[in-house]
Each structure stands twice: as structure tokens, then as C-alpha cells.
Amino acid sequence: TTANALLSDLNILYPDKNIKLELDINENFLLNADKVIFNILLENIFTNAIKFNWEDVLIKVYNKWNSLFIEDNWNWIEKDKLKSIWEKFKRYDVNIEWFGVWLFIVKRIAEIYNWWIDVESTVWKWTTFTSKF
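Below, the structure is looked at part by part. These figures come from a predicted structure and were not determined experimentally. (Residues numbered from 1 in each chain as written. Predicted model: local features only at pLDDT ≥ 70, side-chain atom pairs only at ≥ 80, totals over all residues. Heavy atoms only, no water.)

1. Considerations on the overall build of the protein chain
Within the protein chain, the secondary structure is distributed over three helices and five strands. When the helices and strands of the protein chain are placed in sequence order, the string is α-β-α-β-β-α-β-β. Taking 133 residues into account, the globule formula puts the C-alpha radius of gyration at 14 Å, and the protein chain, at 14 Å, falls close to it. C-alpha extents for the protein chain along the principal axes are approximately 40 × 30 × 25 Å. Restricting to contacts in the protein chain with at least 6 residues of sequence separation, those with at least 24 account for 59%. Surface summary for the protein chain: the accessible area is close to 8200 Å², and the carbon and sulfur share equals 53%. (Helix = DSSP H or I, 4+ residues; strand = E, 2+ residues; numbered from the N terminus. Rg over C-alpha atoms; globule rule 2.2 N^0.38 Å. Contact = heavy atoms within 4.5 Å. Areas by Shrake-Rupley, 256 points an atom, 1.4 Å probe, with all protein chains shown as cover.)

2. Looking at the sheet that holds strand 5 (residues 126–132)
Strand order across the open sheet formed by five strands is 1-2-3-5-4, with mixed pairing between neighbours. Edge positions in the sheet fall to strand 1 (20–24) and strand 4 (116–122), since each has one partner strand and no second. Between one strand axis and the next, the sheet turns through 15° on average, direction left out of account. (Pairing = 2+ DSSP bridges. Axes fitted to C-alpha atoms, helices over the stretch in contact; angles between N-to-C directions.)

3. Comments concerning the packing of aromatic side chains
Tallied over the entire structure, the rule returns four aromatic pairs. Ring geometry for Tyr62 against Phe69: centres 5.0 Å apart, planes inclined by 10°, an arrangement best described as stacked. A relative accessible area of 13% places Phe69 in the buried class. With a centroid separation of 4.8 Å and an interplanar angle of 15°, the aromatic rings of Tyr113 and Trp115 are classed as stacked. Take Tyr113: its relative accessible area is 26%, and that puts it in the partly exposed class. We classify Trp115 as buried; its relative accessible area is 9%. Grouped by ring-pair contacts, the aromatic residues Phe38, Tyr113 and Trp115 constitute a single cluster. Directly above the aromatic system of Trp86 lies the positively charged group of Lys107, at a separation of 5.4 Å from the ring centroid. (Phe/Tyr/Trp six-rings, centres within 6.5 Å; stacked < 30°, edge-to-face > 60°. Buried < 20%, exposed > 50% of the residue type's maximum accessible area, 1.4 Å probe, protein only. Lys NZ or Arg CZ within 6 Å of the ring centre and 35° of its normal.)

4. Regarding the nonpolar core
In terms of nonpolar packing, the biggest core is built from 34 residues, with Phe46, Ile59, Ile70, Trp86 and Phe129 touching the most fellow members. The dominant element in this core, judged by the number of residues it contributes, is helix 2 (residues 35–51), at seven residues. For Phe129, the contacting residues outside a window of four places in its chain are Ile45, Leu68, Phe69, Ile70, Trp74, Ile85, Trp86, Leu103, Asp118 and Val119. (Core = buried A, V, L, I, M, F, W, Y, C linked by side-chain atoms within 4.5 Å.)

5. Remarks on helix 3 (residues 102–112)
Of the positions making up helix 3, those classed as buried are Leu103, Phe104, Val106, Ile109 and Ala110. Those residues of helix 3 that are buried are in contact with helix 2, strand 4 and strand 5. Among the residues trailing helix 3, Asn114 stands out with phi positive, at a value near 60°.

6. Comments concerning the pattern of salt bridges
Scanning all chains against the criterion turns up one salt bridge. For the salt bridge of Glu111 with Arg108, the shortest nitrogen-to-oxygen distance reads 3.2 Å. Here Arg108 and Glu111 lie together in helix 3, a separation of three residues that amounts to about one turn. With a relative accessible area of 41%, Glu111 lands in the partly exposed category. (Salt bridge = Lys/Arg side-chain N within 4 Å of Asp/Glu carboxyl O.)

See below:
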């Protein structure tokens with residue numbers, strides 16, 4: 001699958017992160033999207049989960065109804081800051097090397113396909129991105 005191939009590439013880029021992927025996608029789940037564009041969306045969400053986590057990264061990808069969920073054990077940000085994560089160049093930690101465009105790109109891809117996308121987070125526990133098609 002696309003997610004497994006992406007995970008393999010990310011394990012090469014981040015060998016010290018011990019990245020694990022759990023997939024639970026219904027075989028009848030069909031998504032009408034360009035494979036390359038959808039891969040960019042996944043790559044950006046996965047990269048955020050990996051780059052800003054310390055080690056033992058766990059990413060779960062599953063679907064329910066007409067939605068895709070990407071959950072990880074990323075130590076994320078406070079609830080009051082979640083709405084602004086989609087802003088271009090938004091950074092909450094200036095000590096980490098990044099440009100603040102990953103989630104801006106994810107949001108734009110969702111808008112192109114008219115998908116609803118949102119994020120929930122509990123600091124120091126988990127983050128879940130949900131996209132409804």
C-alpha cells in the first residue's frame with residue numbers, strides 16, 4: 001500500500017525513531033483522488049508525527065464510515081492552538097527546524113477535493129487527523 005511504502009521511506013530518513021504503522025482499512029473503502037496528491041497528504045501528516053516525536057512513533061490509519069483517521073502518539077500542542085495549525089508558516093517551537101508549511105499543504109489538498117479535515121489532540125498522549133470524504 002501507499003502508506004507502507006511511505007513508512008519504509010520514512011524509516012530510512014529517521015532510523016532512530018522506531019516507527020510503527022498500524023493499518024485497519026476496510027477493503028471496500030474507495031477514495032477518488034490522485035494517488036500522487038493523496039501520497040503528499042499522507043507524507044505531510046506522517047512526517048509531522050515523526051519529526052516532532054522523540055522515539056517509538058506509532059501511527060494508526062483506519063477508516064470508519066466515509067472518513068479516514070490518522071492517529072499518532074505525537075506530543076502535540078494545546079487545544080486552544082489547534083485551529084491555527086493550518087496557517088502557512090505557523091510555528092509553535094522555534095527551536096525545531098521546519099518551515100510551518102506541512103499542514104498548510106494538507107489543508108489545501110483537502111480543500112481541492114472538498115474534503116472536511118480536522119485535528120484533535122491531547123497533549124503528551126495522541127493526535128488524530130480526521131478527513132471526511
